Amino acid sequence: MCTGGCAKCLGSTLIPLAVLCTLANILLFFPGGKVEESAHITDEVWYFGGILGSGVLMIFPALVFLGLQNNDCCGCCGNRSCGKRFAMFSSIIFAAVGVVGAGYCFILSAVALNKGPKCQSQGGWTYPFEAGDYLGDHGLWIKCTSPDNIVPWHLTLFSLLLVMSGIQAVLCGIQVVNGIFGTICGDCKCCGCCGGEGTV
């Protein structure tokens, strides 16, 4: 198994997902596509699940994964296996950071979907839905009178965050396993490195 190549593939997938999660979170600051007062924005948006959890925290693991394939196989102090294996081991730590970030976004998105959007209703600006009841009954959506289309806006963007953060968590989990293999067995790209032979 070429663990460095696998890590690079995972990293190249995480980057666009991180960008999309960041954009989705930014769009949530504009309920229904309109500018509203900060007090009228759903609370979970302010926890920056897409920007911090699946965005910033995901960039670091992605960059580390992308650089693994080009890591110096010759290692440290002339030891061929040291550098590559240590790099693969460090990728496990960064993958764990990615899992935490994605998990943070996933949980926030699930809570926001269950809670529903903050909108103008008969009781003023509040959360008119209970325990996700609006998810299976579109007739309840009329409880939100403003902003326009706030329910589908909220539902679509938080659903995207939920799905994308779930994918990110799975990809980082795969890298944890990949990193363990790379640490123990080395990387096939290191074959013949520094004049040596075989996998390091």
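Rules used in this analysis
Residues numbered from 1 in each chain as written. Predicted model: local features only at pLDDT ≥ 70, side-chain atom pairs only at ≥ 80, totals over all residues. Heavy atoms only, no water. Disulfide = S-S within 2.5 Å. Helix = DSSP H or I, 4+ residues; strand = E, 2+ residues; numbered from the N terminus. Buried < 20%, exposed > 50% of the residue type's maximum accessible area, 1.4 Å probe, protein only. Contact = heavy atoms within 4.5 Å. Expected span 1.5 Å × (residues − 1). Axes fitted to C-alpha atoms, helices over the stretch in contact; angles between N-to-C directions. Parallel < 35°, antiparallel > 145°, perpendicular 65-115°, else oblique. Left-handed = near helix turned anticlockwise from the far one by under 90°. Nonpolar A, V, L, I, M, F, W, Y, C, P; charged D, E, K, R; others polar. Salt bridge = Lys/Arg side-chain N within 4 Å of Asp/Glu carboxyl O.

K.L.:
Give a description of the state of the cysteines that names residues and reports values.
P.N.:
In this structure the tally under the stated criterion is one disulfide. A sulfur-sulfur distance of 1.9 Å marks the disulfide that ties Cys119 to Cys144. Disulfide Cys119-Cys144: torsion about the S-S bond near -70°, hence left-handed. Of the two residues, Cys119 is situated in strand β1 (residues 119-121) and Cys144 in the loop between β2 (124-126) and α4 (150-185); the sequence distance between them amounts to 25 residues. In this structure, Cys119 and Cys144 share a single accessibility class: buried. The thiol sulfur of Cys6 is not disulfide-bonded, and the nearest other cysteine sulfur, from Cys9, lies at 6.6 Å.

K.L.:
Pulling in residues and values, what's your account of the environment of Phe106?
P.N.:
Position of Phe106 among the secondary structure elements: in helix α3 (residues 80-115). Among the residues examined, Phe106 registers a relative accessible area of 38% and is labelled partly exposed. Note: C-alpha distance between Phe106 and Met164 (58 residues apart in sequence) is 8.4 Å. Setting aside its immediate chain neighbours within four residues, Phe106 contacts Leu162, Ser165 and Gly166.

K.L.:
So, helix α1 (residues 3-27): which residues are in play, and what are the values?
P.N.:
With 25 residues, α1 should cover 36 Å at 1.5 Å per step; its first-to-last C-alpha distance of 36 Å lies within 8% of that length. For α1, the complete set of buried residues consists of Thr3, Gly4, Ala7, Leu10, Gly11, Leu14, Leu17, Ala18, Cys21, Ala24 and Asn25.

K.L.:
Give a description of unusual backbone geometry that names residues and reports values.
P.N.:
A cis amide bond links Ser146 with the next residue in sequence, Pro147, at an omega value of -5°. Counting through the fold element by element, Pro147 comes out in the loop between β2 and α4. One non-glycine residue, Ala131, lies in the positive phi region at around 50°. Within the secondary structure, Ala131 sits in the loop between β2 and α4. Taking relative accessible area as the criterion, Ala131 reaches 69% and is therefore assigned exposed. With a phi close to 60°, Asn149 is a non-glycine residue in the positive phi region. Along the chain, the position of Asn149 falls in the loop between β2 and α4. Taking relative accessible area as the criterion, Asn149 reaches 59% and is therefore assigned exposed.

K.L.:
Hey, could you go over the side chain of Glu44 for me, with residue numbers and the actual values?
P.N.:
Structurally, Glu44 can be placed in the loop between α1 and α2 (49-68). Owing to a relative accessible area of 7%, Glu44 belongs among the buried residues under this scheme. When neighbours within four sequence positions are excluded, Glu44 is seen to be in contact with Leu108, Val111, Ala112, Lys115 and Phe158.

K.L.:
Residue-level account of the packing of α1 against α4, with values.
P.N.:
Viewed as axis vectors pointing N to C, α1 and α4 meet at an angle of 160°, and their least axial separation amounts to 9 Å. Relative to α4, α1 is oriented roughly antiparallel. With respect to the hand of their crossing, α1 and α4 are arranged in left-handed fashion. Residues belonging to the contact of α1 with α4 are distributed by class as follows: 19 nonpolar, six polar and no charged.

K.L.:
Explain the pattern of salt bridges residue by residue, including any values.
P.N.:
Considering all chains together, one arrives at three salt bridges under this definition. For Lys115, the salt bridge goes to Asp43, with nearest N and O atoms at 3.7 Å. With Lys115 in helix α3 and Asp43 in the loop between α1 and α2, this residue pair connects regions lying 72 residues apart in the sequence. For Asp43, a relative accessible area of 32% translates into the label partly exposed. Here Glu44 and Lys115 are joined by a salt bridge, their closest N and O atoms 3.4 Å apart. On the criterion of sequence distance, the pair formed by Glu44 in the loop between α1 and α2 and Lys115 in helix α3 is long-range, its members being 71 residues apart.

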